[in-house]
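Coordinate analysis (summary)
Chain by chain, the residues run as shown.
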Amino acid sequence: QVQLAESGGGLVQAGGSLRVTCVASGRTFMRYAVGWFRQAPGKEREFVAGIRLSGGSTSLADSVKGRFAISRDNDKNAVYLQMNSLKPEDTAVYYCAAGGIFASWTASGMNYWGKGTLVTVSS
C-alpha cells in the first residue's frame, strides 16, 4: 500500500503560479500511475492531470491544458503539478491519487488518495 501527502497549496492571485507536490511513502511510485484531482465546494471531484510510470505519458483536463503541467521524480517518490496562469475557477482542494499501471483517469479508477491541499485563487 502507498500513502500520499500533498503540499504546496495556498493563496495566489489570478494570473499567478503555484506548484503542488505529492510525496509517497510505502511502496514506490514506480508501481503506480499518479493523478491530480480537484474538488470545489458543492462540486464533483474532477480529474486535472495524470502521469504514467515512465513519465512520458501525461494527460491533462481540457480546462487546464496550456496552463498546467504534471511531472514525476520516481527517485524522490514525488509527483508535481505546476499551475500557471491561475484563474479563480481553479480554486479547489487538490488531491493526489494513485492507481494501477493502466488506471483510468477518473476518481473511481484511483486506489489511494491523499488528504488534499487547498489552492485559493483570488480575483
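First, a word on what this report is: a plain description of the structure on this page. Just so you know, these numbers come straight off a predicted model, no measurement behind them.

Strand order in the open sheet formed by 4 strands is β1-β3-β8-β7, with antiparallel pairing between adjacent strands. The sheet is open, and its two borders are formed by β1 (2–7) and β7 (68–73), each paired with just one other strand. The sheet shows a mean angle of 15° between the axes of neighbouring strands, direction not considered. Direction of pairing for strand β3 (residues 18–26) relative to strand β8 (residues 78–83): antiparallel, over a ladder of 6 bridges. Paired with Arg19 across the strands is Gln82, a residue of β8.

Going through the model one piece at a time under the given rule, you end up with 5 aromatic pairs. Between Phe47 and Trp105 the ring centres are 5.6 Å apart and the planes differ by 25°, which places this aromatic pair in the stacked class. Residue Phe47 is located in strand β5 (residues 46–51), and its partner Trp105 is located in the loop between β9 (92–99) and β10 (112–113); the two are separated by 58 residues in the primary sequence. Over the ring of Trp113 we find Arg45; its NZ or CZ atom is 4.8 Å from the centre of that ring.

Before going further, it helps to examine the side chain of Arg67. Mapped onto the secondary structure, Arg67 falls in the loop between β6 (58–60) and β7. Given a relative accessible area of 11%, Arg67 falls into the buried group. Only 2.9 Å separates the side chain of Arg67 from the backbone oxygen of Ser63, close enough to count as a polar contact. At a separation of 2.7 Å, a polar atom in the side chain of Arg67 contacts the side chain of Asp90. Once residues within four sequence positions are removed from consideration, Arg67 is found in contact with Gln82, Met83, Asn84, Ser85, Leu86, Lys87 and Asp90.

One non-glycine residue, Asn77, adopts positive backbone phi at about 55°. Mapped onto the fold, Asn77 is located in the loop between β7 and β8. Its relative accessible area of 17% is what places Asn77 among the buried residues. Phi angles above zero are rare outside glycine, and Ser85 is one such case at about 50°.

The rules behind the values
Starting from 1, residues in each chain are numbered consecutively following that chain's sequence as written. This being a predicted model, a pLDDT of at least 70 is required before a residue's local features are given, and a value of 80 or more before pairs of side-chain atoms are given or counted; all residues contribute to the totals for chains, interfaces and linings. Side-chain numbers here rest on the full set of heavy atoms in the structure, without hydrogens or water. In this scheme, strands are said to pair when DSSP sees at least two bridges between them. Numbering of helices and strands runs from the N terminus, with a helix taken as a DSSP run of H or I at least four residues long and a strand as a DSSP run of E at least two residues long. Convention adopted: a line fitted to C-alpha atoms gives each axis, helices being fitted over their contacting stretch, and angles between N-to-C directions are expressed from 0 to 180 degrees. Each Phe, Tyr or Trp ring (for Trp, its six-membered ring) is paired with any other whose centre lies within 6.5 Å, and the angle between the two planes then decides the class: stacked below 30 degrees, edge-to-face above 60, tilted in between. By the criterion adopted, a ring carries a charge over it if an Arg CZ or a Lys NZ lies within 6 Å of its centre and within 35 degrees of its normal. The buried label goes to any residue with under 20% of its type's maximum accessible area, the exposed label to any with over 50%, and the partly exposed label to all in between, with areas taken from a 1.4 Å probe on protein chains only. As used in this structure description, the phrase polar contact means that two N or O atoms lie within 3.5 Å; if the pair is within protein, one of them must be able to donate a hydrogen and the other to accept it, and residues adjacent in sequence are counted only when both atoms belong to side chains. Pairs of residues are marked as contacts when any of their non-hydrogen atoms sit within 4.5 Å.

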